[in-house]
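# What the coordinates show
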Amino acid sequence: MDGSNSLTLAVSAGATSIPYSMSGLISGTGTHTVTVSYLGQSASTTYTAPASCSVVCSVTAVATAIPVTCAGNSALQNGKIAVSGFTDGDTYQYSGGTVFNPAVSLSGPAQVIPAGGVIVSNLANPVASQPYTVRIYSGQGCYKDSTVMLLPTVCTCPAASCVPLVIKQTKGARRYGVTR
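On a predicted model such as this, the values are computed, not experimentally measured, just so you know.

Rules of the game
- Residues numbered from 1 in each chain as written.
- Predicted model: local features only at pLDDT ≥ 70, side-chain atom pairs only at ≥ 80, totals over all residues.
- Heavy atoms only, no water.
- Buried < 20%, exposed > 50% of the residue type's maximum accessible area, 1.4 Å probe, protein only.
- Helix = DSSP H or I, 4+ residues; strand = E, 2+ residues; numbered from the N terminus.
- Pairing = 2+ DSSP bridges.
- Contact = heavy atoms within 4.5 Å.
- Axes fitted to C-alpha atoms, helices over the stretch in contact; angles between N-to-C directions.

### Regarding the pairing of strand 3 (residues 62-66)
- What you see with strand 3 is a clean split: A63 and A65 sit on the buried side and V62, T64 and I66 on the side with no burial.
- Examined bridge by bridge, strand 3 and strand 6 (residues 79-84) share 5 bridges and lie antiparallel to one another. Across the sheet, the residue bridging to V62 is S84, located in strand 6.

### Describing the sheet that holds strand 8 (residues 111-112)
- The sheet built from 4 strands is open, its strands ordered 8-7-10-11 with antiparallel pairing. Two strands in the sheet have a free side with no partner beyond their single neighbour: strand 8 and strand 11 (143-150).
- Bridging between strand 7 (residues 91-96) and strand 10 (residues 130-137) involves 6 bridges; their strand directions are antiparallel. Along strand 10, the bridge assignment pairs T91 with Y137.

### Concerning the environment of P126
- Looking at the secondary structure, you find P126 in the loop between strand 9 (118-123) and strand 10.
- Judged by its relative accessible area of 13%, P126 is buried.
- Separated by 27 residues in the primary sequence, P126 and T153 place their C-alpha atoms 7.9 Å from one another.
- Contact partners of P126, with chain neighbours within four places excluded, come to L150, L151 and P152.

### Description of the sheet that holds strand 9
- Taken together, 3 strands build an open sheet; the order of strands is 3-6-9 and the sheet is antiparallel. With one partner strand each, in any of the chains shown, strand 3 and strand 9 form the two edges of the open sheet. Geometrically, the sheet is characterised by an average inter-axis angle of 15° between neighbouring strands, direction not taken into account.
- Pairing between strand 6 and strand 9: 3 bridges, direction antiparallel. By the bridge assignment, A82 is partnered in strand 9 with V118.

Here it is, written out as structure tokens:
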């Protein structure tokens, strides 16, 4: 900011904009600059007066549900939720349902997203589509909720492998030295 005026604001985690007003801005001819810094990000704007600006904090990561796989006609307990497009330092939490509920987070407190992006890999095969909401936090404290649907998997055995077969011996084995 031009001059020596400054303003400190209390900001709640997850805020995507911070409304404020500031008195004592330099006015008059020419342009002046106001710079807002927040958790390593900054935004600047020029003004003639009055002025306003906001810090843009975005989360680009997205979550995807991966259904369980089958072993024959049995569903395995290996449904997954994976996050892609994240950056180092991003964290996550997830809960069941279409709205994130931190009080019943299935992952506990926010955890760092693993390098491969898989945040859970032991989900059971649901009877019906099961929604999960993943809250992804950026390193700057912003977050984005991403709701995914874990779809049920119907496991059927391939016909060539699972058809019941009956083996019947129709002829006895030939034995040497025994006459019939």
